[in-house]
There are 2 protein chains.
Amino acid sequence: MKYEFPVTKTTAPKTKPDAKGLRFGTVFTDHMFVMDYNEKDGWNNGRIVPYGPITLDPAAVVLHYGQEMFEGLKAYKTAAGRVQLFRPDMNAKRTNNTNDRLCIPKVDEELFVDAIKALVKIDQDWIPEGEGTALYIRPFIFGDEAFLGVRKSATYKFMIILSPVGPYFENGLAPTKMYVEDVYVRAVKGGTGEAKCGGNYGGSLKAQEIAHEKGFEQILWLDAYEQKYIEEIGAANAFFVIGDEIVTSALNGSILPGITRNSIIALCKKKGYKISERKISIDELENAYHAGQLKEMFASGTAAIVSPVGELLYKGEDMVINDNKIGPVAQEMYDTIYGIQTGKMDDFMGWTVPVE
Amino acid sequence: MKYEFPVTKTTAPKTKPDAKGLRFGTVFTDHMFVMDYNEKDGWNNGRIVPYGPITLDPAAVVLHYGQEMFEGLKAYKTAAGRVQLFRPDMNAKRTNNTNDRLCIPKVDEELFVDAIKALVKIDQDWIPEGEGTALYIRPFIFGDEAFLGVRKSATYKFMIILSPVGPYFENGLAPTKMYVEDVYVRAVKGGTGEAKCGGNYGGSLKAQEIAHEKGFEQILWLDAYEQKYIEEIGAANAFFVIGDEIVTSALNGSILPGITRNSIIALCKKKGYKISERKISIDELENAYHAGQLKEMFASGTAAIVSPVGELLYKGEDMVINDNKIGPVAQEMYDTIYGIQTGKMDDFMGWTVPVE
Ligand SMILES: Cc1ncc(COP(=O)(O)O)c(C=O)c1O
Ligand SMILES: Cc1ncc(COP(=O)(O)O)c(C=O)c1O
């Protein structure tokens, strides 16, 4: 490690939760990473301290103008006891892309990864064991200067917190019911859809809430121009198996470039599958469905890795995909990525990074 | 007042700044309003306390997912010593429209106004005197539940802070130079453009920064579909005088419904001017300019009331509007609204609300 950080250990360690029944993102570990930014010193004073409340001026930029970003990745412990991260360099790169879009000062990518390693190392006993569990890592940055007016903050905090998590969806890999959203949109080219910033998520709650009220677990986002082309599934990327082609929406400026998406594409290429990044319309899906060619549909993201879609409601028609069962491509992608992450499978892609 | 709130007075009053040289939104008064929300009690425990830092869990929703909104209005003291607000009921209504879009629980509109009145009353000695000054009022609400995952917060804080302000633009009513933004967009129909939520502002910083680097004070936002129709000017609404027609972009789902915009439209109607809310393209502007018909262009918003645009750069052409001077319509609108707000002019529209 190039960077090291002073550590203040907690004097009141918390009780670790039972791995069974763990929900997502509700329990936090004993420590957190904090780093400050000001215009004179740049990023400075990186430190690990006991997990605890932070203090903000009520005029802090983050509370008013949403100058904030976050990342998400996971740490696992292999059977051999090795603690490892999955492609943290990709999160570091995406952080700086987001920062650029939000006028947040860039973070040294090696420092970003070293800070994660240092924190995970200290709280490694919090990594839960059991199928579908992991230690979720949440780096985030926000502007905390106290002033009102639309301009970028002069000061920032970069923090990392950790949460032992169970499966993102209560039913694990069970296929979900999905609603095609045709009123609200998530993002548009020229906006912030490519960036992992708070505003994208606050703005997506309404459509999600309406879908939940109607009995659907997920939403399929369409493009903002014609509400015709598929963008994403909830806060995850979208994959389809149509005949023998695996398809995901091409990155177009409004889609978040998922690291799981990137990994699935790379795996498919490696395995010689026919994989396309292209525009795909909801009409094409419907036609493929009627022709018996829509074999699979699934979401990809760090939280669940892969989440199959079993039912898709569009224009009053309920399309049932692969008999409401997880399909072979989704299953293989899940098994391979989760296998590599947990050390159950050889890391033939060179994706894991040890925490030493 | 229907609602009353317990008050804890500061024991360490701050020194009030000199009205001269006041900048926008950097100095805050002695007190603030705070109210809590949880699912069991709804909004509760509204209180006025000394202005000071707040404490948040690092996993608080507002720091990650941008579930946050704000409002802005001003209080003035008339020569007769009456403290008054300008159309606070409009801010209360817009708050609830924003809240609905962001899945934030609605606030009783009378409570919203009463809370403002109660706070302004306590800190009324902070209302600065002098041309272009006012006490800026910033109500804001954010989700503060501690969890990670995309769903709405179960708890919220509604706060109001006050800031004595000078003119928003350093040069007061001097015309600004404007850049037509053709890469980034502010909002799109189905998104959050109509709502006053943090994400819209964080996402707009980049374009603003680029414009500033190029030597422009403001940006003209175009629509997300074709980058052809005019949406807004920075964080303000756009007005044009073309021949004898006063034009502002029609509310289309992506434009913030400004209260100053609404007031200008009402004033123009009252005075019998030809005022249109309609689509207006950048090409129409350019043609009007070449035909000598683009008489005025100005931004409208609470911060500056009216801000004339003196130069507009589009496709390499520098259009100089009204000889880079404020035009008669902008001047009349400023004089009338500022006159009503400060009590220098009779409130013939019934817009002011006393703080008693
Ligand atoms: C909007 C959105 N799309 C897609 C993804 C998937 O990205 P990743 O695979 O990097 O987790 C995420 C993050 O989880 C997301 O928030
Ligand atoms: C994006 C945006 N547009 C327009 C306005 C003008 O609205 P108002 O006249 O209510 O201040 C504002 C707020 O100042 C704004 O933030």
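Every value quoted in this text rests on a predicted model; they were computed, and no experiment measured them.

This paragraph deals with the UniProt feature "modified residue: N6-(pyridoxal phosphate)lysine" (unreviewed entry) in chain A. Residues and elements named next belong to chain A. With numbering aligned to this structure, UniProt lists the feature "modified residue: N6-(pyridoxal phosphate)lysine" (unreviewed entry) at Lys196. Along the chain, lysine 196 falls in the loop between β9 (176-180) and α4 (198-202). In contact with lysine 196, not counting residues within four places along its chain, are Met69, Phe70, Glu71, Gly72, Arg94, Thr98, Tyr201 and Leu256.

Right, let's talk about the confidence of the model for chain A for a bit. Across chain A, the average pLDDT comes to 96, with 100% of residues at 70 or higher. The ipTM, which scores confidence in the relative placement of chains, is 0.97 for this predicted complex, and the corresponding pTM is 0.98.

It is worth spelling out the site of ligand 1 at this point. All names here are of chain A. In the neighbourhood of ligand 1, 15 residues make up the surrounding shell, with Tyr201, Glu232, Ile259, Thr260 and Thr302 lying closest. In the environment of ligand 1, an oxygen atom lies 3.0 Å from a nitrogen or oxygen atom belonging to the side chain of lysine 196. Here a nitrogen atom of ligand 1 sits 2.5 Å away from a polar atom, N or O, in the side chain of glutamate 232. In the complex, the protein chains occlude 94% of the 390 Å² of accessible area that ligand 1 would expose alone. Across the shell around ligand 1, the residue classes tally to five nonpolar, six polar and four charged.

Its identity is not glycine, yet Asn45(A) carries a phi of approximately 60°, on the positive side. Inspection of the secondary structure assignment puts Asn45(A) in strand β2 (residues 42-50). The phi dihedral of Asn324(B) is positive, around 60°, even though this residue is not glycine. Tracing the backbone shows Asn324(B) in the loop between β17 (317-320) and α8 (328-342). A residue is classified by how much of its surface remains accessible, and Asn324(B), at 30% relative accessible area, is partly exposed.

Before going further, it helps to spend a moment on the interface of chain B and chain A. Each side of the interface is counted separately: chain B has 62 residues, and chain A has 62 residues. Between chain B and chain A, a total of about 5,100 Å² is buried, with carbon and sulfur atoms accounting for 61% of that surface. Taken together, the links from chain B to chain A amount to four salt bridges. Of the charged contacts in the structure, one is a salt bridge between Lys152(A) and Glu209(B), with a shortest N-O distance of 2.5 Å. The tally of links between chain B and chain A comes to 24 residue pairs in polar contact (both at pLDDT 80 or more).

Accessible area lost during the coming together of the parts is what is often quoted as the interface size. Residues and elements named next belong to chain A. Considered domain by domain, chain A is made up of domain 1 (31-165) and domain 2 (176-342). Placing the centre of domain 1 and that of domain 2 at their C-alpha centroids yields a distance of 27 Å. Each partner contributes residues to the interface: domain 1 has 25 residues there, and domain 2 has 22 residues. In terms of surface lost to domain 2, no three residues of domain 1 exceed Phe70, Phe86 and Arg94, which account for 32% of the buried area on that side. One can count zero salt bridges joining domain 1 with domain 2. At the boundary of domain 1 with domain 2, the tally comes to 15 residue pairs in polar contact (both at pLDDT 80 or more). Those elements giving two or more residues to the side of domain 1 that touches domain 2 turn out to be β4 (68-70), β5 (73-77), β6 (83-86) and α2 (88-102). Broken down by element, the residue count for the side of domain 1 that touches domain 2 peaks at six residues, all from α2. Here the residues of the side of domain 1 that touches domain 2 sort into nine nonpolar, eight polar and eight charged.

About the criteria used
Residues numbered from 1 in each chain as written. Chains lettered and ligands numbered in written order. Predicted model: local features only at pLDDT ≥ 70, side-chain atom pairs only at ≥ 80, totals over all residues. Heavy atoms only, no water. UniProt positions renumbered as here; feature names shortened; annotations may be inferred. Helix = DSSP H or I, 4+ residues; strand = E, 2+ residues; numbered from the N terminus. Contact = heavy atoms within 4.5 Å. pLDDT = per-residue confidence, 0-100. Near = heavy atom within 4 Å. Polar contact = N/O pair within 3.5 Å; in protein donor to acceptor, adjacent residues only side chain to side chain. Areas by Shrake-Rupley, 256 points an atom, 1.4 Å probe, with all protein chains shown as cover. Nonpolar A, V, L, I, M, F, W, Y, C, P; charged D, E, K, R; others polar. Buried < 20%, exposed > 50% of the residue type's maximum accessible area, 1.4 Å probe, protein only. Buried area = accessible area lost by both parts, 1.4 Å probe. Salt bridge = Lys/Arg side-chain N within 4 Å of Asp/Glu carboxyl O. Domains from an automatic or database assignment.

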